[in-house]
Amino acid sequence: MLHHLEINVSNLNKTIEFWEWLLTELGYQQYQQWDFGISWKYGETYLVFVQAEERFMDPPYHRRRVGLNHLAFHVESREQVDAMTEKLKEKGLRILYSDKHPYAGGQHHYAVFFEDPDRIKVELVAP
């Protein structure tokens, strides 16, 4: 069981704006908040986002480099994937692999892929 995951971000305010609505939709609750960070918890697992120090901002994050590629979350159904896809579009967020959506992960993998403000890929996967 994963205890927590901590991610350094380039702009904490943009990160909070993006992740707060998404994690709330997925059933997470805000857990902790301080001047340079915030976390949301689901069950015993929590996600932490911390403002990176200026001296560590260059080079910027890219998921193709060594390190985190993406975060994938379970959702309850294909209908929830579809509903979340519409909400993402309403927020002006780009759906990745839109030409293959919702089967970009394969013919038996119903999901939506998109990016957070630092371009961390996020995936919502139906059972």
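Going by the structure above, here's the rest.
Residues numbered from 1 in each chain as written. Predicted model: local features only at pLDDT ≥ 70, side-chain atom pairs only at ≥ 80, totals over all residues. Heavy atoms only, no water.

**Student:** Looking at this structure, how should I read the sheet that holds strand β4 (residues 45-51)?
**Tutor:** Sheets are built from strands that pair by backbone hydrogen bonding, the pairs being arranged parallel or antiparallel. Taking strand neighbours across the sheet as the criterion, the four strands line up as β1-β4-β3-β2 in an open arrangement whose pairing is mixed. Only two strands of the sheet have a single partner each, and these edge strands are β1 (4-9) and β2 (29-34). When the angles between neighbouring strand axes are averaged without regard to direction, this sheet yields 15 degrees. Pairing of β1 with β4, which is carried by six bridges, proceeds in the parallel orientation. When the sheet's bridge partners are listed, Ile7 is paired in β4 with Phe49. Contacts between helix α1 (residues 12-25) and the sheet are confined to β1, β2, β3 (37-42) and β4, with β3 contributing the most and set at about 15 degrees to the helix. (Pairing = 2+ DSSP bridges. Helix = DSSP H or I, 4+ residues; strand = E, 2+ residues; numbered from the N terminus. Axes fitted to C-alpha atoms, helices over the stretch in contact; angles between N-to-C directions. Contact = heavy atoms within 4.5 Å.)

**Student:** Whenever I open this one, the sheet that holds strand β6 (residues 111-115) confuses me. Can you help?
**Tutor:** Taking strand neighbours across the sheet as the criterion, the three strands line up as β5-β7-β6 in an open arrangement whose pairing is mixed. Unpaired on one side and paired on the other, β5 (70-74) and β6 mark the two borders of the sheet. With direction set aside, neighbouring strand axes in the sheet form an average angle of 20 degrees. Lying over the sheet, α1 contacts β5, β6 and β7 (121-125), oriented at roughly 10 degrees with respect to β7. Sitting on the sheet, helix α2 (residues 78-90) is in contact with β6 and β7, with an inclination near 25 degrees to β6.

**Student:** Sorry, what's going on with the packing of aromatic side chains here?
**Tutor:** In this description, an aromatic ring pair is defined by two values, namely the gap between the centres and the angle between the planes. All told, the structure shown has 10 aromatic pairs when counted by the stated rule. Here the aromatic rings of Tyr31 and Tyr46 are separated by 4.9 Å at their centres, their planes lie at 50 degrees, and the arrangement is tilted. In this pair, Tyr31 is assigned in strand β2 and Tyr46 in strand β4, connecting sequence segments 15 residues apart. Residue Tyr31 is classed as partly exposed on the basis of its relative accessible area of 38%. The rings of Phe18, Trp19, Tyr28, Trp40, Tyr42, Phe49, Phe73 and Phe114 are connected pair by pair, giving a single aromatic cluster. (Phe/Tyr/Trp six-rings, centres within 6.5 Å; stacked < 30°, edge-to-face > 60°. Buried < 20%, exposed > 50% of the residue type's maximum accessible area, 1.4 Å probe, protein only.)

**Student:** Hey, could you run me through α2 in this one?
**Tutor:** One full turn of an α-helix is made of 3.6 residues, so residues set three or four places apart face in the same direction. Relative to the 18 Å expected for 13 residues at 1.5 Å per residue, α2 spans 19 Å between its end C-alpha atoms, a close match to the ideal helical length. Residues of α2 that are buried include every one of Gln80, Val81, Met84, Thr85 and Leu88, and no others. Axial view of α2: buried residues confined to an arc of 140 degrees, hence all on one face. Every exposed residue of α2 that faces more than 90 degrees away from the buried side is listed here: Glu79 and Glu90. For α2, the capping residue at the N-terminal end is Ser77, with a side-chain oxygen 3.3 Å from the backbone nitrogen of Glu79. (Expected span 1.5 Å × (residues − 1). Arc of directions from axis to C-beta. Polar contact = N/O pair within 3.5 Å; in protein donor to acceptor, adjacent residues only side chain to side chain.)

**Student:** I tried to follow the pairing of β5 on my own but got confused; where do I start?
**Tutor:** Looking down a regular strand, the side chains alternate between one sheet face and the other. Burial of β5 is one-sided: the residues Leu71 and Phe73 facing one way are buried, the residues His70, Ala72 and His74 facing the other way are not. When β5 meets β7, the two strands line up parallel, connected through five bridges. In the sheet register, Leu71 faces β7, and the bridge partner there is Val122.

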